[in-house]
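So the chains spell out like this:
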Amino acid sequence: MSLIINNKNCASLVDPATPLLDFLRHEAGLTAAKPGCGTGDCGSCLVLVGEFSPADAAVKYRALNSCLLTVGQAEGCQVITPEGLAGATLTPVQQALADQGAIQCGYCTPGLVIALTAALLNGRDLMEAAAGNLCRCTGYGGIRRACEALAAQFEQRPRTLDEIVANGLIPADVAAAAAQLQPLPVAQLFEQPVGDADSGLQYLGGGTDWMVNRPRDIELKTRCALHRVPSLRRIVADDEYLCLGAAVTIDELQHSPAVASDWPLLAHYLERFGSPSVRAMATAGGNLVNASPVADLAVLLLVMEAEVELSSADSRRWLPLPYFFRAYHQTELKAHEVLTQIRLPRNPSASVRLHFEKIAKRELDDIATVNTALSAAPGKPGRFGRIRLSAGGVAPVPRLLHGVSDYLSGREVNTATVREALARVDADIAPVDDARGSAAYKRRLLKHLLVAHLTALYPELSLREYLA
């Protein structure tokens, strides 16, 4: 294994499945990235990961959770730790945090510096970038002021490596080391038959869920890391479909102009999909293959009429997404298949409207109790068009609610229609009691969320009585 850490080449003999945070702290002696939640929620372990992008012929940096990365995933990349940003003077980010009283005990500060630095490098909103960083000392007022000061100092746009150095965002010697980066070693799918799920030989996408549940699983040997397969990292639009490679990250989906053209509200809804650093790692394909019953992206894609491509060494097949989920954390993937692509019908002029609701213990960056999406195609005057309603947390898998969807489609837009649709919800779902709520609570909650969908998309409806 080889990678660049700050400005030094590092050849590591550790197991590639070793968490990057462990390697940095215990092998490399770099302790500024701090252990915290271990789930990507707090941001204390953030590092900058630089990767050469052939499409842009430049190095692109992402702020990623080192607790969720393996050393193997960082192979061929540059990892900049908070120590790598230490120079003779403070960087503009460090200076703003100090000037605005945003530094308390200091435990969260290194990760916050990384998050804000990445935002300035990539032209992202600073407050959005800081959203995944928890301050144990409640110094949020100072953090907000620091973000405002940086926004006034820097135009929001991506920056070249020369600009990064000129502005002092990264020390010159650390930035110069990035010149050694080459395109990642390209992995080929199906170099050898896919092994059994219990063999330890598995494909890995973002790994954000895997690393939470099995953070030190030394049996994981990823002979094919999907982010190294170029064809799986593309978003391509043609006349009929938006085609998403399975290894496209949620962040890339969120900021894709092609996706925004067809589904302008999707980026807003994806803000509720984990922290910014999790979205920068988690992949669209991984969210589906994991088959969580509350997978946020799955719930959205169900009403967007997504299909998935399941490929093997000698065949491929397309499957409508509602038929991909078989049982709790089980899918229709066969032992020799990999999910390689997701395609969505084009939605010219955003004529099909989309609405998403999610209820969780925290408003942001949390697992849903119930999540639900509704898409509405144009209909005749006074009537619903084609309606698709989906929900998570109310069945063993994310589910398209066929009964309610079919009933609403084409019906008159009035309270009587809504009343009957609400009565049909129970037949479409099968919730269970669990740590996030009782089955009865989830049933009632989903009905309230259906009213929220319809109120948002059909403001002419008067539905106050249903929200009582």
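Refer to the structure presented above.
Structure report, in brief. Remember, it's a predicted structure, so these values are computed and weren't measured experimentally.

A word on the packing of aromatic side chains. All chains considered together, the criterion is met by three aromatic pairs. Pairing Phe324 with Phe325 gives two aromatic rings, centres 5.5 Å apart and planes at 65°, and the pair type is edge-to-face. Arranged with centres 4.7 Å apart and planes meeting at 80°, the rings of Phe384 and Tyr458 form a pair that is edge-to-face. Here Phe384, found in the loop between strand S14 (368-376) and strand S15 (387-392), pairs with Tyr458, found in the segment after helix H17 (439-457); they are 74 residues apart in sequence, far enough to count as distant. Tyr458 carries the same exposure label as Phe384, and that label is buried. The aromatic ring of Trp318 is capped on one face by Arg343, whose charged end is 3.9 Å from the ring centroid.

We now examine the packing of helix H2 (residues 92-99) against helix H3 (residues 109-122). Contact geometry for H2 and H3: axes closest at 9 Å, N-to-C directions at 125°. On the basis of their axis angle, the class for H2 and H3 is oblique. The two elements H2 and H3 cross, and the hand of that crossing is right-handed. For the pair H2 and H3, contact is made by Val93, Gln94 and Leu97 and by Thr109, Leu112, Val113, Leu116, Thr117 and Leu120, respectively. A breakdown of the residues in the contact of H2 with H3 according to their chemical character gives six nonpolar, three polar and no charged.

Most of S15 is tucked away: six of the six residues are buried. Where S14 and S15 come together, six bridges link them in antiparallel fashion. Bridging from a neighbouring strand, Ala376 pairs with Ile387 of S15. For S15 and strand S16 (residues 399-400), the ladder comprises two bridges, and the chain directions are antiparallel. Pairing of Ala391 across the sheet is with Arg399, part of S16.

Considering the arrangement of structural elements, one finds Gly38 in the loop between helix H1 (20-27) and strand S3 (46-53). Gly38 gets classed as partly exposed once you look at its relative accessible area, which sits at 32%. Separated by 173 residues in sequence, Gly38 and Met211 have C-alpha atoms that sit 8.6 Å apart. Those residues within four positions of Gly38 in sequence are excluded, and the remaining contacts are Cys67, Leu68 and Val212.

Below, the discussion takes up the packing of helix H16 (residues 415-428) against H17. Packing of H16 against H17 brings their axes to within 10 Å, and their N-to-C directions diverge by 145°. H17 is crossed by H16, and the crossing has right-handed handedness. Only Arg443, Leu446, Lys447, Leu450, Val451 and Leu454 of H17 make contact with H16, whose side of the interface consists of Val418, Ala421, Leu422, Val425 and Asp426. Classifying every residue of the contact of H16 with H17 by side-chain character gives eight nonpolar, no polar and three charged.

Another aspect to go through is the sheet that holds S3. On the basis of which strands lie adjacent, the open sheet formed by five strands has the order S2-S1-S5-S3-S4 and mixed pairing. The sheet is open, and its two edges are formed by strand S2 (8-11) and strand S4 (58-65), each paired on a single side. On average, adjacent strands in this sheet sit at an angle of 30° to one another, irrespective of strand direction. Strand direction decides the pairing type here: strand S1 (residues 2-5) and S2, joined by four bridges, are antiparallel. Looking across to S2, one finds that Leu3 is bridged to Cys10.

Each value, and the rule that gives it
- Residues numbered from 1 in each chain as written.
- Predicted model: local features only at pLDDT ≥ 70, side-chain atom pairs only at ≥ 80, totals over all residues.
- Heavy atoms only, no water.
- Phe/Tyr/Trp six-rings, centres within 6.5 Å; stacked < 30°, edge-to-face > 60°.
- Helix = DSSP H or I, 4+ residues; strand = E, 2+ residues; numbered from the N terminus.
- Buried < 20%, exposed > 50% of the residue type's maximum accessible area, 1.4 Å probe, protein only.
- Lys NZ or Arg CZ within 6 Å of the ring centre and 35° of its normal.
- Axes fitted to C-alpha atoms, helices over the stretch in contact; angles between N-to-C directions.
- Parallel < 35°, antiparallel > 145°, perpendicular 65-115°, else oblique.
- Left-handed = near helix turned anticlockwise from the far one by under 90°.
- Contact = heavy atoms within 4.5 Å.
- Nonpolar A, V, L, I, M, F, W, Y, C, P; charged D, E, K, R; others polar.
- Pairing = 2+ DSSP bridges.

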